[in-house]
Number of protein chains: 2
Amino acid sequence: MTHPFDQVTDEEIRLSSKLIKDAAKGPEKPHFIQIDRLDPPKKDMIKYLAAERAGLTTPSISRVTYVYYYLGLDFYKALINVTYGHIITNQKLPKGVIGPLLPDDVETIETLCHVHPKVVAEIEKLKLPSHIRVVCDPWMNGTDSVEDRMLIQCYMYLANAHHPESNHYSLPLKFSPVFDCLTKEFVRMDYLPAGIDETTTDTQPWTEFPFVEYHPELNNESLRPLKPLIVEQPEGPSFTVEGNKIKWQSWEFRVAPNVREGFAIYDVYFKGRSILYRLSLSEMTVPYGDPRAPYHRKQAFDLGDCGFGGNGNSLALGCDCLGVIKYMDCRRITAEGDPVFIPNTVCMHEQDAGLLYKHVNYRTNVPVVTRKREFVVQTIATVANYEYVLNIIFDQVGEIRIHVLATGILSTMPIEKDTTVPWGTNVGPMVMAAYHQHMLSFRIDPALDGHENTVVYDDVVRMPENTGLNKYNVGFVTERTYVEKSGYVDQSPFTNRSVKVINENVINPISKKPVGYKIALPARQMLLAGEDSYNNRRAQFATQQLWVTKYQDNELYAAGEFTNQSQTDTGLGVWANRGDNVRNTDNVVWATLGFTHIPRTEDFPVMPAEAHDIAIVPFGFFDKNPALDVPQSNNAFNKSKYFKDSNDAAKAASSSCCKSSL
Amino acid sequence: MTHPFDQVTDEEIRLSSKLIKDAAKGPEKPHFIQIDRLDPPKKDMIKYLAAERAGLTTPSISRVTYVYYYLGLDFYKALINVTYGHIITNQKLPKGVIGPLLPDDVETIETLCHVHPKVVAEIEKLKLPSHIRVVCDPWMNGTDSVEDRMLIQCYMYLANAHHPESNHYSLPLKFSPVFDCLTKEFVRMDYLPAGIDETTTDTQPWTEFPFVEYHPELNNESLRPLKPLIVEQPEGPSFTVEGNKIKWQSWEFRVAPNVREGFAIYDVYFKGRSILYRLSLSEMTVPYGDPRAPYHRKQAFDLGDCGFGGNGNSLALGCDCLGVIKYMDCRRITAEGDPVFIPNTVCMHEQDAGLLYKHVNYRTNVPVVTRKREFVVQTIATVANYEYVLNIIFDQVGEIRIHVLATGILSTMPIEKDTTVPWGTNVGPMVMAAYHQHMLSFRIDPALDGHENTVVYDDVVRMPENTGLNKYNVGFVTERTYVEKSGYVDQSPFTNRSVKVINENVINPISKKPVGYKIALPARQMLLAGEDSYNNRRAQFATQQLWVTKYQDNELYAAGEFTNQSQTDTGLGVWANRGDNVRNTDNVVWATLGFTHIPRTEDFPVMPAEAHDIAIVPFGFFDKNPALDVPQSNNAFNKSKYFKDSNDAAKAASSSCCKSSL
């Protein structure tokens, strides 16, 4: 039986597109862009989950999909009740609202780009030798004005014609065709600057230049010898899977892939207590700091413009994950509204993560020690050049860690020989990678011991000096501030500001304070683009690190529902300014994980993964360490070995760890 | 043959103490405190290392030890040439300079504390039942005045008499004897406040109160079932060990345990290029924020007061490390100057650390993917209640990560029932853990392509808005500042400030900028104690995050050589204010890793390990990703398995990773 949180099915996708096709009057056939499941209304789900948890009959909730499609040049959004098979709403969207990119359309443009006469004519000016071929990376156009057409900026590169994996990013060309994605018309040829200002040049014959190759068959590297390190789980893993429900080490939650966010996590409980209603990556924007046209428009919204799930890698055993792995799949669609199955976009597995806790009583030398096991839910999306790895990691102590890796290939621009620019790094002989930012918004819908939660922040401040109580000027205390209205919380790393979600109605009997969870983010530079810029207006979420809004259904995406070529932020930019009361009520936290990326030569031709984390950590939620029930570590269990030097074993005979009867 | 960087030997310790004993005139026998090896002079080592690397005869360099000892109440420091067996210097230190604590002396005080008439009398007032026993944790006294005696503050607790591992920290008592560590005289009885101010009470009969136990035989927990996760290295590890020299994945370096720092790492090369001369933890101070006497004095210097190596755990297979492990040992001494062998205080091993890089060519679906292997050098020190785990982690891309975990048990104070204080958290029924800070100083002696290095910092700033070039207000650039004179660098997270060590004499041919390494630290609150406080005067390093000094031999310890009951900082407080030129010369970087610890109930009775990192990362040091020579991942190598659900295998048949011929 389908759970309301289960991901969309092939049948639901087909039913949705069929209903739309049947309803479409007129000669044009619907050109589908995206279909997936909506979340059910929260008030209905709360009742459902309570009944489910109590073992009672669950109320029935219709499953609903959303459909984005074009009829000619008109963009429509429909909602379909796929339980009963009828259209709920079906509306043309206002002029200027542009749909996300459908992978099939982007592929068509890429193919067209290679054969369009205007592009062919430009390529001919290069007078390329036969061992060189042209490659096209289609990009969303971004925004610098009012533009109703869905435009595609085709960045052009060269590659080694004799190998399909030659690194075209190391040889960018200086012209870039722009197409209308829907009509397939050629719009214009942009010319790309390659020096210190916006000067462009006519296309000249190409002079031979070396590639910077990464593929092992091309990179001329002699491999370092490396011996295998294998993760074995001889008795199998310690998690269970029932439908999309995972149980692991006192955690229970559901995982549902979807085409926009990659996956969402629902109904998270730890040790029988409610923690979160929903957790997901809600948007990611990557604005570039190169001011020269056309790069001023270079700002991707990787979820809203394309879809993280739709771009999900099919993960493979022993490459992307180690140990015993469970996979889940995603679905996107074709322009005809048929489902496209993308296998294994989400992988789940355990990993060892070092020490969980240790203490040695120095008097007796008796240790208590246990290692930390983690449970990872992972997806990896490829968005043209870049790869983003998203991990949601659960540990045995009630912590949820959001762990993001950026890898893949830098987006590159041409640069003249012996030139440098202050907004980029030269990463190859005639290749520059512009400075940019990765601004990710994580939507955290808390439900700590229930849905009435409050956001607070605690600052650590010095006590007044030279007073009776603080004679020696060492004292410091915490000061708590309550977030009463929707809005944002300023960063304040030098007061050790710590943002928490608490439940004011549940008091911890030991600390005598409301139970809570801390949302730990590193202090980071936020959006650099000026207040008076499209980048800023389109992505308000990226201007602050922590937002709080009052919960409303279908407010899921930080920059709004439609980001492709958006004029303004229809998400947090609106919701956070409503002035809603957010104290002791159903609220939502939006955490911005940002990093300014100043490329380095070591990031090219493929980038070593760079990690960034948010931690969601119990803070006075439990009355003591909730992991005292994790078994002690010992070598009968973990089977480590000594380095072949035999002396270490003899020395260890006197060591007491793992000798106790525990 | 002994290498100049080899750790001290038993013979050298015995020779040193013998020479001191022979030289001591008068009736008093030397009471030894600490003996270990000094580093050789750098100008000599530079020649030695160059000859060694070239395969030539190495110059001979005398090995020298330092000896701290007392003659009666006078504190002495000697330097011994242990190669030729003579005393170099042997001097009485000025009045007021107090030696670190010798574990044997601390143990004697602890034993004495239980039997001293004044303490016994106080205990009798408690009228304890027979199932309760008293426990004593001796602490360094700290500083709040001029004090020439080495004092020990004995914090007293209760525990379950029937089990040696009962958690005494959950029942602190309200009286604390103070002893003279050398004369063993009782100095005074301090009474500890347990409320909102400094009011103390006479010792009353104890009323029964529950313990908060962690030990598995006492904590009443039912174990969570957990299946084994084993790290297997069937072909052995990929590192080699020759004496104290490690070679792993293009890295070469030496590891030498020592009694004060735990271990130091020397002569670090990656891919044949010099990176660091020396790396170590140089000091750690833990000041408490509870202003009430006697806690205003509570400030441990865990290296200078006690010694990290001397407190090193004997690490055990399968508990502290997984896989194939190589161990090294440490030595401390007895009061007679005999070596005490502490086996396996340093462990070394590999671990898998997730993805190193990945890219999928979306046109062909062909991936390049490799996993990151790391090499860990680990030590764990127990300092009474706390455990500190220090990892120095090397990866395959030229990065060195300093990874610190705090675990063990919070230091606790008594608190009256139903009372809370603004400078601490109640973590048990009548137990409070005061706020405190952990401020660690890492001494990084760089040698990037040689010893003439420069420290710079780069800020990311917006370009001026609304200009011809930056019409759309998106542009941002980096601005570099050179550190010319010794001193510190302010934190500036909102300009993405990035501190780097560069070699101005070596230009990266691709980026056209000097080669360098970045020192990445999270933005953190620094020392909270006021400028006019002993805490601040004693630990200047903790007031700023990044210091630069001109190299001089024997300037190793951030707060100075003698920290126990120090009046002032004789380390960075002096060296950073010399106004030395530090540009393009042999300089040293001191990175302060700080965290303000606001205890939470989940941290008790044992604290889940909390991690903090500094990353030392190549930044334009290489002309491209230096890990292109790491073999691609595949499942023949990694041997992962599908979750028993068989569907995943069938789906994967269409997936292309691991299908290529790579």
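Criteria and cut-off values
Residues numbered from 1 in each chain as written. Chains lettered and ligands numbered in written order. Predicted model: local features only at pLDDT ≥ 70, side-chain atom pairs only at ≥ 80, totals over all residues. Heavy atoms only, no water. Helix = DSSP H or I, 4+ residues; strand = E, 2+ residues; numbered from the N terminus. Rg over C-alpha atoms; globule rule 2.2 N^0.38 Å. Buried < 20%, exposed > 50% of the residue type's maximum accessible area, 1.4 Å probe, protein only. Areas by Shrake-Rupley, 256 points an atom, 1.4 Å probe, with all protein chains shown as cover. Domains from an automatic or database assignment. Contact = heavy atoms within 4.5 Å. Buried area = accessible area lost by both parts, 1.4 Å probe. Salt bridge = Lys/Arg side-chain N within 4 Å of Asp/Glu carboxyl O. UniProt positions renumbered as here; feature names shortened; annotations may be inferred. Polar contact = N/O pair within 3.5 Å; in protein donor to acceptor, adjacent residues only side chain to side chain. Pairing = 2+ DSSP bridges. Axes fitted to C-alpha atoms, helices over the stretch in contact; angles between N-to-C directions. pLDDT = per-residue confidence, 0-100. Expected span 1.5 Å × (residues − 1). Least-squares fit on C-alpha atoms with pLDDT ≥ 70 in both. Phe/Tyr/Trp six-rings, centres within 6.5 Å; stacked < 30°, edge-to-face > 60°. Nonpolar A, V, L, I, M, F, W, Y, C, P; charged D, E, K, R; others polar. Disulfide = S-S within 2.5 Å. Core = buried A, V, L, I, M, F, W, Y, C linked by side-chain atoms within 4.5 Å.

Draft legend 1. Seen up close, the overall build of chain A. Broken down by element type, chain A carries 9 helices and 33 strands. For 662 residues, the compact-globule estimate of 2.2 N^0.38 gives 26 Å, and chain A sits close to it at 27 Å. A principal-axis box enclosing the C-alpha atoms of chain A has dimensions of 80 × 65 × 60 Å. Looking at the 662 residues of chain A, the share that counts as buried comes to 65%. Carbon and sulfur atoms provide 52% of the accessible area of chain A, an area that totals close to 21,800 Å².

Draft legend 2. Molecular detail of the domain arrangement of chain A. Residue and element names in this part refer to chain A. According to the domain assignment, chain A consists of domain 1 (10–92), domain 2 (105–191) and domain 3 (240–409 + 436–597 + 606–618). The straight-line distance from the C-alpha centre of domain 1 to that of domain 3 is 27 Å. Listed per partner, the contact involves 26 residues of domain 1 and 29 residues of domain 3. Taking both sides of the interface into account, the surface hidden between domain 1 and domain 3 amounts to around 2,400 Å²; carbon and sulfur atoms contribute 49%. For domain 1, the biggest contributors to the area lost against domain 3 are Asp39, Lys42 and Arg53; these three give 29% of the whole. There are 8 salt bridges connecting domain 1 and domain 3. Where Asp39 meets Arg278, a salt bridge forms, and the shortest distance between an N and an O atom there is 2.6 Å.

Draft legend 3. Representation of the UniProt feature "modified residue: 2',4',5'-topaquinone" (unreviewed entry) in chain A. Residue and element names in this part refer to chain A. The sites that carry the UniProt feature "modified residue: 2',4',5'-topaquinone" (unreviewed entry) are, in the present numbering, Tyr386. Along the polypeptide, Tyr386 turns up in strand 19 (residues 386–395). Side-chain polar atoms of Tyr386 contact the side chain of His436, separated by 2.8 Å.

Draft legend 4. Representation of the sheet that holds strand 8 (residues 186–191) of chain A within the structure. Residues and elements named next belong to chain A. With respect to topology, 4 strands assemble into an open sheet ordered 5-6-7-8, the strand pairing being antiparallel. What marks the edges here is a single partner per strand, and that holds for strand 5 (132–140) and strand 8. Sheet twist, expressed as the mean angle between neighbouring strand axes with direction ignored, is 30 degrees. With 9 bridges joining them, strand 5 and strand 6 (residues 151–160) adopt antiparallel strand pairing. Paired with Cys136 across the two strands is Met156, which belongs to strand 6.

Draft legend 5. Highlighting the UniProt feature "active site" (unreviewed entry) in chain A. Residue and element names in this part refer to chain A. Per the UniProt annotation, the sites labelled "active site" (unreviewed entry) are Asp302 and Tyr386. For the residues just named, distributed over 85 residues, the greatest C-alpha separation is only 10.2 Å, placing them together at one site. Non-local contacts of Asp302, meaning those with residues more than four positions away in its chain, are made with Glu283, Met284, Val286, Gly307, Phe308, Val383 and Tyr388. Each residue touching Tyr386, except ones within four places of it in the same chain, is listed here: Tyr288, Ala381, Ala406, Thr407, Ile409, Leu410, His436, His438, His597 and Met607.

Draft legend 6. Here's a closer look at the pattern of salt bridges. Here the structure, examined in full by the defined rule, presents 98 salt bridges over all chains. In this structure, the salt-bridge partner of Asp445 of chain A is Arg443 of chain A, at a minimum N-O distance of 3.9 Å. Neither residue differs from the other here; Asp445 of chain A and Arg443 of chain A are each classed as buried. When the shortest N-O distance is used, the salt bridge between Arg332 of chain B and Asp104 of chain B registers 3.2 Å.

Draft legend 7. Quick peek at the confidence of the model for chain A. All names here are of chain A. The share of residues in chain A with pLDDT of 70 or more is 97%, and the mean pLDDT across the chain is 95. Predicted confidence for residues 655–662 stays below pLDDT 50, and this span has 23 contacts to residues more than four positions away or in other chains. Across the assembled chains, the prediction reports ipTM 0.95 with pTM 0.96.

Draft legend 8. Structural view of helix 2 (residues 42–54) of chain B. All names here are of chain B. The terminal C-alpha atoms of helix 2 lie 18 Å apart, and with 13 residues this matches the ideal 18 Å at 1.5 Å per residue to within 8%. Looking only at helix 2, the buried set comprises Lys42, Met45, Tyr48, Leu49 and Ala51. Its buried side turned inward, helix 2 meets strand 13 (262–270), strand 14 (273–287) and strand 24 (436–446). Phi for Gly55, located one or two positions after helix 2, is positive at around 75 degrees.

Draft legend 9. Inspection of the relation of the copies chain A and chain B at higher detail. After a rotation of 180 degrees and a shift along the axis of 0.0 Å, chain A superposes on chain B with an RMSD of 0.0 Å. In the structure described here, the two chain copies are related by an operation that fits a two-fold rotation axis. Relative to the rotation axis, the closest C-alpha in chain A is found at Val231 of chain A, a distance of 2.4 Å. A share of 100% of interface residues in chain A that are also interface residues in chain B marks the association as one of identical surfaces.

Draft legend 10. Here's a closer look at the packing of aromatic side chains. For the structure on display, the rule yields 60 aromatic pairs over all chains. Centroid distance Tyr327 of chain A to Tyr642 of chain B: 5.9 Å. Interplanar angle 55 degrees. Geometry classified as tilted. Taken together, the residues span two chains, with Tyr327 of chain A in strand 16 (residues 324–333) and Tyr642 of chain B in strand 33 (residues 641–642). The class of Tyr642 of chain B is partly exposed, set by a relative accessible area of 27%. Here Phe32 of chain B and Tyr69 of chain B contribute two aromatic rings whose centre-to-centre distance is 5.9 Å and whose plane-to-plane angle is 40 degrees, an arrangement assigned as tilted. Of this pair, Phe32 of chain B sits in strand 1 (residues 31–37) while Tyr69 of chain B sits in strand 2 (residues 64–71), and the two are 37 residues apart along the sequence.

Draft legend 11. Representation of the interface of chain A and chain B within the structure. Facing the 197 residues of chain A at the interface are 197 residues of chain B. Carbon and sulfur atoms make up 58% of the area that chain A and chain B hide from each other, which totals about 16,300 Å². Taken together, chain A and chain B are joined by 14 salt bridges. Summed over the shared surface of chain A and chain B, the number is 92 residue pairs in polar contact (both at pLDDT 80 or more). For the side of chain A that touches chain B, the element with the most residues is strand 17 (residues 339–361) of chain A, which contributes 13 residues. Broken down by class, the residue content of the side of chain A that touches chain B amounts to 93 nonpolar, 60 polar and 44 charged.

Draft legend 12. Here's a closer look at the state of the cysteines. All names here are of chain A. Going through the model one piece at a time under the given rule, you end up with 2 disulfides over all chains. Each sulfur in the disulfide pair Cys321 and Cys347 lies 2.4 Å from the other. Given an S-S torsion of about -85 degrees, the disulfide between Cys321 and Cys347 has left-handed geometry. A residue pair is termed long-range when its members are at least 10 positions apart, and Cys321 in the loop between helix 5 (302–306) and strand 16 and Cys347 in strand 17 qualify at 26 residues. Across this residue pair, the class does not change: Cys321 and Cys347 are buried. The thiol of Cys113 is not disulfide-bonded; the next cysteine sulfur, from Cys136, is found 3.8 Å away.

Draft legend 13. Spotlight on the nonpolar core. Among the nonpolar cores identified, the biggest contains 152 residues, and Trp251, Phe253, Val377 and Phe394 of chain B are the most heavily contacted of them. Non-local contacts of Val377 of chain B, meaning those with residues more than four positions away in its chain, are made with Phe253, Val255, Phe263, Ile265, Val346, Cys347, Met348, Leu390, Asn391, Ile392 and Phe394 of chain B. Formed by 151 residues, the second largest nonpolar core is a distinct cluster that contains Ile265, Val286, Val324 and Phe604 of chain A.

Draft legend 14. Quick peek at the pairing of strand 18 (residues 366–383) of chain A. Residue and element names in this part refer to chain A. Counting buried residues along strand 18, 17 of its 18 residues qualify, which places the element largely inside the surrounding structure. Hairpin geometry of strand 17 and strand 18 is characterised by an intervening segment of 4 residues between the two adjacent antiparallel strands and by a positive phi of about 65 degrees at Asn365. Here strand 18 folds back onto strand 19, and the loop between the two strands holds 2 residues, one of which, Ala384, carries a positive phi near 60 degrees.

Draft legend 15. Geometry of the environment of Ile123 of chain A. Residues and elements named next belong to chain A. By secondary structure assignment, the location of Ile123 is in helix 4 (residues 117–126). Take Ile123: its relative accessible area is 16%, and that puts it in the buried class. Taking the C-alpha atoms as reference, Ile123 lies 59 Å from Pro618; in sequence the two are 495 residues apart. Among all residues touching Ile123, those that are not within four sequence positions of it are Leu128, Val134 and Phe175.

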